[in-house]
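# A look at the structure
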Amino acid sequence: MLAVATQGGDAARLAFFGLYALQHRGQEAAGIAVSDGRAVRVHKDQGLVSQVFKPGTLDPLEGSLAIGHTRYSTTGSNSERNVQPYVVETMHGPLALAHNGNLTNADRLRQKLLERGAGLQSSSDSEVLALMLAATEGDSWEDRLARTMPEWEGAYCVVVLSGTKIVVARDPWGFRPLSVGKLPTGGYVAASETGALQTVGCSDVREVKPGEIVVLQSGIARSYQALEPKTNQARCTFEHIYFSRPDATWDGLSVHQARQNLGEELAREHPAEADVVIPVPDSSMPAAIGFANVSGIPYNEGFVKNRYIGRTFIEPTDELRRQGVALKFNTLPANIEGRRVVVVDDSIVRGTTSGPLVRLIREAGATEVHVRVTCPPIAHPCFFGVDMGSYDELIAHQLGVPEICDHIGADSLGFLSVGRMMKALGRDDGYCNACFTGDYPMPIQLSLTTSKKRFDGVIG
Ligand code: AMP
């Protein structure tokens, strides 16, 4: 998700390149909305950024203000009507909104809107945000946003485009990342990851603070602390572990460095007698480097990944995910044959990936396979914007570590503990580790704890 406010420049084109750098955050759909000071236009569709935006698609999207989004469904089905940004006509002119995260009280808010007679077109909570904002009184969009934010519970970073300005905000728990930077030609960009800001040449990059609203207009960025940051800050640890690109800075830490530290700590907590350390590309590469540094076991590549197939996990069905594993990785037997192998992976979620990977390594001639994972077992669902599946889908909710080891066919299996993970990040608190501990930073509606498929039935 991003927002671009240029000074008379072609905002849609910059948004396009920024979205490309954010493609890993969602591969189901993409969209850009622009404003030329009068009208708001949008182009959005299902597919990758490169499929949705063809040469020429950007030409009609004229204007110096733009917001963009890549979608990965956590609530709401993977359907056309849920593609963002949403554009609505309001009493105060056109409004477009894109949202990263997941509201925990969306059902209740949706119900309230329906009772007031609002017509909802999609099953996504992002439309709820747009309609609530449109119906709120206030002197400006930032004012309306500040009045609406207290009603939203859970994870939300939003970018809002009106005819004449962009307003961005981050929830007071700080679940998901959002940063803002200055364009070399004047103007500002806000994006879910700092890597996208680097792509478009931004300097003076800083995090939007939890509870903060930033208004981007006429080459100026004005900020307001709309809500007090919560005392229980809840940054997502999984951004460090898996979700963000390694070139991102999250909570002031380089994600690449954080992953290397996680690998180092993993080697201390779960050492292995082995001849080679192999990462599961791409997200585990820095962690495998860290594991190799501390253990003294040489690092080498053992998997070659087809980078164009995309993240298997993001595919919305189990069957697609399973096929994805086999189609996505080849091995390098020369680096594996006759060796005891440590395979470093960032996480085991549903347990779909690790088994086939262990099998591939054995077929390539490994004598032993030791799997090491840079986070604790994921035994609880995420209600804050990472698609981890429901309780019944999480392998660590069903099985203990020895059983998971058997299930994936490894000789040994070690998960990093919560304490060591936080030590690797150099933080004592301020993070949400609910997927590991079940200790959620806010009460969760019971209805949310059932399968996410339930949401598909709510609307349409
Ligand atoms: P699983 O096969 O379900 O155990 O998923 C674990 C694999 O998917 C790991 O190799 C991760 O790199 C990747 N992964 C973990 N979490 C996610 C997620 N939320 N979205 C996409 N991929 C993920």
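What counts and how
One numbering rule holds for all chains: residues counted from 1, following each sequence as written. Thresholds applied to this predicted model are a pLDDT of at least 70 for local features of residues and 80 or more for the giving and counting of side-chain atom pairs; totals over whole chains, interfaces and linings are not thresholded and use all residues. Heavy atoms throughout the structure, all of them, feed into the side-chain values; hydrogens and water do not. Only DSSP runs of H or I reaching four residues or more are called helices, and only runs of E reaching two or more are called strands; each is numbered from the N terminus. Computation of the radius of gyration draws on C-alpha atoms, with the globule rule given as 2.2 Å multiplied by the number of residues to the power 0.38. Think of it in three bands: residues with accessible area under 20% of the maximum for their type are buried, residues over 50% are exposed, and the middle band is partly exposed, with areas taken using a 1.4 Å probe on protein chains only. Charge assignment: positive for Lys and Arg, negative for Asp and Glu; neither His nor the chain ends contribute. To locate a charge, take NZ of a lysine, CZ of an arginine, CG of an aspartate or CD of a glutamate. Centres within 6.5 Å are what make two rings of Phe, Tyr or Trp a pair, Trp counting through its six-membered ring; a difference in plane orientation under 30 degrees is then read as stacked, over 60 as edge-to-face, and the rest as tilted. Paired strands, as defined in this entry, are two strands with at least two bridges between them according to DSSP. Each axis is a line fitted through C-alpha atoms, taken for helices only over the stretch in contact, and angles between the N-to-C directions span 0 to 180 degrees. Contacts are assigned to residue pairs with any non-hydrogen atoms lying within 4.5 Å of each other. The nonpolar core is taken to be a set of buried Ala, Val, Leu, Ile, Met, Phe, Trp, Tyr and Cys residues, with the residues joined through side-chain atoms within 4.5 Å. Domain extents, as shown, originate in an automatic or database domain assignment. Comment on the angle field: the value is read as roughly parallel under 35 degrees, roughly antiparallel over 145, roughly perpendicular from 65 to 115, and oblique elsewhere. Crossing handedness is read from the near helix: turned anticlockwise from the far helix by less than a right angle, it gives a left-handed crossing, and turned clockwise, a right-handed one. Residues were grouped as follows: Ala, Val, Leu, Ile, Met, Phe, Trp, Tyr, Cys and Pro as nonpolar; Asp, Glu, Lys and Arg as charged; and all remaining residues, including Gly, as polar. Between N or O atoms, a polar contact is any pair within 3.5 Å; within protein, one atom must be a potential hydrogen donor and the other a potential acceptor, and residues adjacent in sequence are included only when both atoms are from side chains. Two parts placed together each lose some accessible area under a 1.4 Å probe, and the buried area is that loss summed for both. The salt bridge criterion pairs a side-chain nitrogen of Lys or Arg with a carboxyl oxygen of Asp or Glu, the two atoms within 4 Å.

## Section: the overall build of the protein chain
A tally of helices and strands in the protein chain yields 15 helices and 23 strands. Against the 2.2 N^0.38 benchmark of 23 Å for 460 residues, the protein chain shows a C-alpha radius of gyration of 22 Å, consistent with a compact globule. When the backbone C-alpha atoms are referred to their principal axes, the protein chain occupies close to 70 × 45 × 40 Å. Out of the 460 residues in the protein chain, the part that is buried amounts to 61%. Of the charged side chains in the protein chain, 44 are positive and 52 negative, and the gap between their average positions amounts to 2 Å.

## So, unusual backbone geometry
Following Q84, the chain continues to P85 via a peptide bond in cis, the omega torsion being 0 degrees. Note that P85 resides in the loop between β4 (65-71) and β5 (86-90). Residue P281 is joined to D282 through a cis peptide bond whose omega torsion reads -5 degrees. With respect to the helices and strands, the residue D282 is situated in the loop between β17 (276-279) and α9 (285-295).

## Overview of the packing of aromatic side chains
For the structure on display, the rule yields twelve aromatic pairs. Note on F16 and F53: the rings are 6.1 Å apart at their centroids and 70 degrees apart in plane angle, and the pair reads as edge-to-face. Separated by 37 residues along the polypeptide, F16 in helix α1 (residues 11-21) and F53 in the loop between α2 (49-52) and β4 bring together distant segments of the chain. Judged by its relative accessible area of 5%, F53 falls in the buried class.

## What about the sheet that holds strand β21 (residues 368-373)?
In spatial order, the strands read β17-β20-β21-β22; together these four strands make up an open sheet with parallel pairing. With partners counted over all chains shown, the strands left at the sheet margins are β17 and β22 (412-415), one partner each. Here the strands of the sheet are splayed against their neighbours by 20 degrees on average, with no regard to which way each runs. Of the strand pairs in this sheet, strand β20 (residues 340-345) and β21 are connected by six bridges, and their pairing is parallel. Its bridge partner lying in β21, V344 is registered against R372. Contacts between helix α11 (residues 354-363) and the sheet are confined to β20 and β21, with β21 contributing the most and set at about 145 degrees to the helix. Helix α13 (residues 401-408) rests against β21 and β22 of the sheet, and its axis sits at about 130 degrees to β22.

## Concerning the nonpolar core
Counting residues in hydrophobic clusters, the biggest one holds 78 residues, and the most contacted among them are F238, F303, I378, F384, M388 and L413. Element by element, the count of residues in this core is highest for helix α8 (residues 255-269), at five residues. Residue contributions to this core reach at least three from each of two domains, namely domain 1 (2-231) and domain 2 (238-451). Not counting chain neighbours up to four residues away, the residues in contact with F238 comprise F243, S347, I378, V386, M388 and F436.

## Topic: the pairing of β22
Residues S412 and G414 point to one face of β22 and L413 and F415 to the other, with burial holding for every one of them. As paired strands, β21 and β22 are joined by four bridges and run parallel to one another. In the strand pairing of β22, V373 is matched with F415.

## Quick notes on the environment of C432
By the secondary structure assignment, C432 is in strand β23 (residues 431-432). Considered as a pair, C432 and A33 are 399 residues apart in the sequence and their alpha carbons are 32 Å apart. Look past the residues within four positions of C432 in its chain and what remains in contact with it is F175, A234, R235, C236, T237, F384 and P441.

## Remarks on the packing of α8 against α9
For the pair α8 and α9, the least separation of the axes is 6 Å and the interaxial angle reads 40 degrees. Comparing the axis directions of α8 and α9 gives the class oblique. The interaxial crossing formed by α8 with α9 has right-handed handedness. In this structure, α8 contributes H256, R259, Q260, G263, E264, L266, A267 and R268 to the contact, and α9 contributes P286, A287, I289, G290, F291, N293, V294 and S295. Here the contact of α8 with α9 is built from residues that sort into seven nonpolar, six polar and three charged.

## Considering the side chain of H69
Its location among the elements puts H69 in strand β4. Only 2.9 Å separates the side chain of H69 from the backbone oxygen of H99, close enough to count as a polar contact. Apart from the residues lying within four places of it in its own chain, the contact partners of H69 are M1, L19, A29, A30, G31, Q84, P85, A98 and H99.

## Focus: the domain arrangement of the protein chain
You can read the domains of the protein chain as domain 1 (2-231) and domain 2 (238-451). Placing a centre on the C-alpha atoms of domain 1 and another on those of domain 2 gives a separation of 31 Å. Facing 29 residues of domain 1, the contacting portion of domain 2 comprises 26 residues. Carbon and sulfur atoms supply 54% of the area that domain 1 and domain 2 bury against each other, a total of about 2,400 Å² over both sides. Seen at the junction of domain 1 and domain 2, the total is two salt bridges. Taking the shortest distance from any N to any O, the salt bridge between E239 and R25 comes out at 2.8 Å.

## A look at the packing of α8 against helix α14 (residues 418-425)
The N-to-C vectors of α8 and α14 enclose an angle of 140 degrees; their axes lie 8 Å apart at closest approach. The orientation of α8 with respect to α14, classified from their angle, is oblique. Like other packed secondary-structure pairs, α8 and α14 cross with a definite hand, here right-handed. Facing A258, N261, L262, E265, R268 and E269 of α8, the residues of α14 in contact are R420, M421, K423, A424 and L425. The residue makeup of the contact of α8 with α14, split by class, is five nonpolar, one polar and five charged.

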